[in-house]
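# Coordinate inspection notes
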Amino acid sequence: MVLSISGVLLFGVIVFLFFRKDNLKLSHAIVCALFGFYLAGSAIAPGIQAGGATLADLIGELTF
C-alpha cells in the first residue's frame, strides 16, 4: 500500500509539473488518468504491479 501511495504522489507531481511547465493540456491529463484507471482493471495490472515492486526493491538496495 505504501508503494501505491508513493507512486500516486510521484506521478501526480510529474503530471502537475508537465501541466505547469510543458503546457500539458487538461484534456491530456484526463485521458492519462482514465487510461491508468482502466489499465489497473485489466489482466496486465498484476504484471505492472510486480514490475513496479521489483523496480522499487532494486532502487531501495542502491547505496551511495
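Residues numbered from 1 in each chain as written. Predicted model: local features only at pLDDT ≥ 70, side-chain atom pairs only at ≥ 80, totals over all residues. Heavy atoms only, no water.

Turning next to the overall build of the chain. For the chain, the count of helices and strands is three helices and zero strands. Starting at the N terminus and ending at the C terminus, the chain contains elements arranged as α-α-α. The C-alpha radius of gyration of the chain comes to 14 Å, more than 25% above the 11 Å expected for a compact globule of 64 residues. Sorting the 64 residues of the chain into buried and exposed places 5% on the buried side. Summed over all atoms, the accessible surface of the chain reaches about 5,700 Å², with 75% contributed by carbon and sulfur. (Helix = DSSP H or I, 4+ residues; strand = E, 2+ residues; numbered from the N terminus. Rg over C-alpha atoms; globule rule 2.2 N^0.38 Å. Buried < 20%, exposed > 50% of the residue type's maximum accessible area, 1.4 Å probe, protein only. Areas by Shrake-Rupley, 256 points an atom, 1.4 Å probe, with all protein chains shown as cover.)

Turning our attention to the confidence of the model for the chain. Put simply, the chain has an average pLDDT of 81, and 92% of its residues get 70 or more. Averaged pLDDT values over the elements of the chain bottom out at 75 in helix 1 (residues 2–21) and peak at 87 in helix 3 (residues 45–60). (pLDDT = per-residue confidence, 0-100.)

Now for helix 2 (residues 26–40). Its 15 residues place the ends of helix 2 21 Å apart at the C-alpha level, agreeing with the 21 Å of an ideal helix rising 1.5 Å per residue. Of all 15 residues in helix 2, one are buried, a share of ten percent or less. (Expected span 1.5 Å × (residues − 1).)

A cluster of nonpolar side chains, F19, L26, I30, L34, F37 and Y38, forms an exposed patch at the surface whose accessible area comes to about 680 Å². Ranked by the residues each element gives to the nonpolar patch, the list is headed by helix 2, at five residues. Along the chain, F37 falls in helix 2. When its relative accessible area of 59% is taken as the criterion, F37 is described as exposed. (Patch = residues over 30% accessible without salt bridge, like charges linked within 9 Å, V, L, I, M, F, W, Y side chains within 5 Å. Salt bridge = Lys/Arg side-chain N within 4 Å of Asp/Glu carboxyl O.)

What follows deals with the environment of L26. Here L26 lies in helix 2. Judged by its relative accessible area of 54%, L26 falls in the exposed class. Note: C-alpha distance between L26 and L10 (16 residues apart in sequence) is 18 Å.

Our focus in this paragraph is the packing of aromatic side chains. The tally for this structure, following the rule as stated, stands at one aromatic pair. Seen from their ring centres, F37 and Y38 are 5.4 Å apart, and the 75 degrees between their planes marks the pair as edge-to-face. (Phe/Tyr/Trp six-rings, centres within 6.5 Å; stacked < 30°, edge-to-face > 60°.)

Take the environment of Q49 next. If you trace the backbone, Q49 turns up in helix 3. For the pair Q49 and L34, spaced 15 residues apart in sequence, the C-alpha to C-alpha distance is 18 Å.

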